[in-house]
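Notes for the structure review
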Amino acid sequence: MAGAWSGLSELLRGAVDLALPPLCTACGEYTESPTGFCESCIKRIDRYDYPMCLQCEQPIFSGIVCPQCGEEAMVLYAFGNYVDPLKEAVHQFKFRGVTRVAGYFAEEIAARFGAEIGGLAPAVLVPIPLHPSREHARGFNQAEVFAEALGSRLNLAINSEILIRIKKGKPHSRLSDNARARNIRGAFSVIAEEISKDHVILVDDVVTGGHTVREARSELGKAGFHVPAVISIAHGR
Ligand SMILES: [Zn+2]
Ligand SMILES: [Zn+2]
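We now turn to the structure provided with this report. (Residues numbered from 1 in each chain as written. Chains lettered and ligands numbered in written order. Predicted model: local features only at pLDDT ≥ 70, side-chain atom pairs only at ≥ 80, totals over all residues. Heavy atoms only, no water.)

1. Brief notes about the environment of Ser40
- Among the structural elements, Ser40 can be located in helix α2 (residues 39-44).
- In this structure, the C-alpha to C-alpha distance between Ser40 and Glu29, residues 11 residues apart in sequence, is 9.8 Å. (Helix = DSSP H or I, 4+ residues; strand = E, 2+ residues; numbered from the N terminus.)

Next up, the structure:
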């Protein structure tokens, strides 16, 4: 099921990335910064300093109970807002295979939120799967590449097997909010019999509206998994 790219180690992908010219992932200007961004773009990224409640999108300053909703939240740890230059970088990562930025995002998330995420342990990282035909066409699953980069930095195991995509659906970027909710319903299945019921932290490249991660959480919940959090590169409204 895994594409050729996801079979490669992060190290090997890093070597492939080194062969690319050192250009800013967002604007294409020459830069030798190990972040993959030029100074100007890195300053313009709208970063998130706090995790947020996926339900009400308000910051959660500590713990996993949302002060607005008054209940246990699904906590979103996102690197930043899904606007340029971050949006362009995510597109380069996802559609052009510029995977070197995954390491930088993972590094930053670990530095900012690592202690809190560690407090949710024992947890396993589960990337949101693509439908096999879409992963085959793209050659890799960007959520899985990002999860691999996070796993080594957060010292968490990754499980790309338990959650599978059984319905292809349409790409969400072209759909309204209601259509997204309908489109994702029944998209996932969980294969989990022989796995201990650890906490699951979902990983995706972009969370917009949260329909996808909520559907995955619901399916994992039916199989007995607790899903307290999701980590993404970007969050959009
Ligand atoms: Zn730039
Ligand atoms: Zn809330």
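2. Some remarks on the pairing of strand β3 (residues 123-127)
- The buried count for β3 comes to 5 of 5 residues, which makes it a mostly enclosed element.
- Burial along β3 is two-sided: the residues Ala123, Leu125 and Pro127 and Val124 and Val126 are all buried.
- Pairing geometry for β3 and strand β7 (residues 199-208), over 5 bridges, is parallel. Looking across to β7, one finds that Ala123 is bridged to His199.
- Two elements, β3 and strand β4 (residues 157-158), share 2 bridges in a ladder whose sense is parallel. Bridging from a neighbouring strand, Leu125 pairs with Ile158 of β4. (Buried < 20%, exposed > 50% of the residue type's maximum accessible area, 1.4 Å probe, protein only. Pairing = 2+ DSSP bridges.)

3. Thoughts on the pairing of strand β8 (residues 226-236)
- In terms of burial, β8 is largely enclosed, as 10 of its 11 residues are buried.
- Where strand β2 (residues 75-81) meets β8, 6 bridges bridge the pair, whose relative direction is parallel. Bridge pairing links Gly80 to Ala234 in β8.
- For β7 and β8, the ladder comprises 8 bridges, and the chain directions are parallel. When the sheet's bridge partners are listed, His199 is paired in β8 with His226.
- Once the chain exits β7 it traverses helix α8 (residues 211-222) before rejoining the sheet at β8, and the crossover so formed is right-handed. (Right-handed = clockwise from strand over helix to strand, strands pointing away.)

4. So, the sheet that holds β7
- Within the open sheet, the 6 strands sit side by side as β1-β2-β8-β7-β3-β4. Their pairing is mixed. Looking at the sheet topology across the chains shown, the edges are occupied by β1 (52-53) and β4.
- Here β1 runs beside β2; their pairing, made up of 2 bridges, is antiparallel. Counterpart to Cys53 in the pairing with β2 is Val75.
- Contacts from α8 reach β7 and β8, with the element oriented near 160° to β7. (Contact = heavy atoms within 4.5 Å. Axes fitted to C-alpha atoms, helices over the stretch in contact; angles between N-to-C directions.)

5. Points about the packing of aromatic side chains
- Under the definition given, this model contains 8 aromatic pairs.
- Pairing Tyr77 with Phe113 gives two aromatic rings, centres 5.4 Å apart and planes at 55°, and the pair type is tilted. Note that Tyr77 is positioned in strand β2 and Phe113 in helix α4 (residues 100-118), a separation of 36 residues in sequence.
- Between Phe79 and Tyr104, the aromatic rings sit 5.8 Å apart at their centres with planes inclined by 70°, giving edge-to-face as the arrangement. You can see Phe79 sitting in strand β2 and its partner Tyr104 sitting in helix α4, a full 25 residues away along the chain. The pair Phe79 / Tyr104 is uniform in exposure class, with both members buried.
- Members of the aromatic cluster, joined through ring pairs, are Phe37, Phe79, Tyr104 and Phe105.
- The side chain of Lys87 reaches across the aromatic face of Tyr82, ending 5.1 Å from its centre. (Phe/Tyr/Trp six-rings, centres within 6.5 Å; stacked < 30°, edge-to-face > 60°. Lys NZ or Arg CZ within 6 Å of the ring centre and 35° of its normal.)

6. Examining the coordination of the zinc ion (ligand 1)
- All of the protein donors around the zinc ion (ligand 1) are Cys24 (SG), Cys27 (SG), Cys38 (SG) and Cys41 (SG); their distances to the metal are 2.3 Å.
- Relative to the metal, the 4 donor atoms surrounding the zinc ion (ligand 1) lie at angles of 105 to 116°, and the coordination shape comes out tetrahedral.
- Donor residues for the zinc ion (ligand 1), ordered by position in the chain, follow C-x2-C-x10-C-x2-C. Taken as a pair, Cys24 in the loop between α1 (10-18) and α2 and Cys38 in the loop between α1 and α2 lie far apart in primary sequence, 14 residues in all.
- Overall, Cys38 belongs to the buried group, its relative accessible area being 10%. (Donors = N, O, S within 2.8 Å, 3.2 Å for Na, K, Ca; no water. Tetrahedral: all angles 85-135°; square planar, octahedral: opposite > 155°, others 65-115°.)

7. Here's the deal with the nonpolar core
- Phe37, Phe105, Ile117, Phe146, Leu150, Ile201 and Ile231 are the most contacted members of the largest nonpolar core, which has 46 residues in total.
- Elements represented by at least two residues in this core include exactly α2, β2, α3 (86-96), α4, β3, α6 (142-154), β7 and β8.
- Tallying contributions element by element places α4 first for this core, with 9 residues.
- Here Phe146 is in contact with Phe93, Ala102, Phe105, Ala106, Ile109, Val203, Asp204, Ile231, Ser232 and Ile233, once residues within four sequence places are set aside. (Core = buried A, V, L, I, M, F, W, Y, C linked by side-chain atoms within 4.5 Å.)

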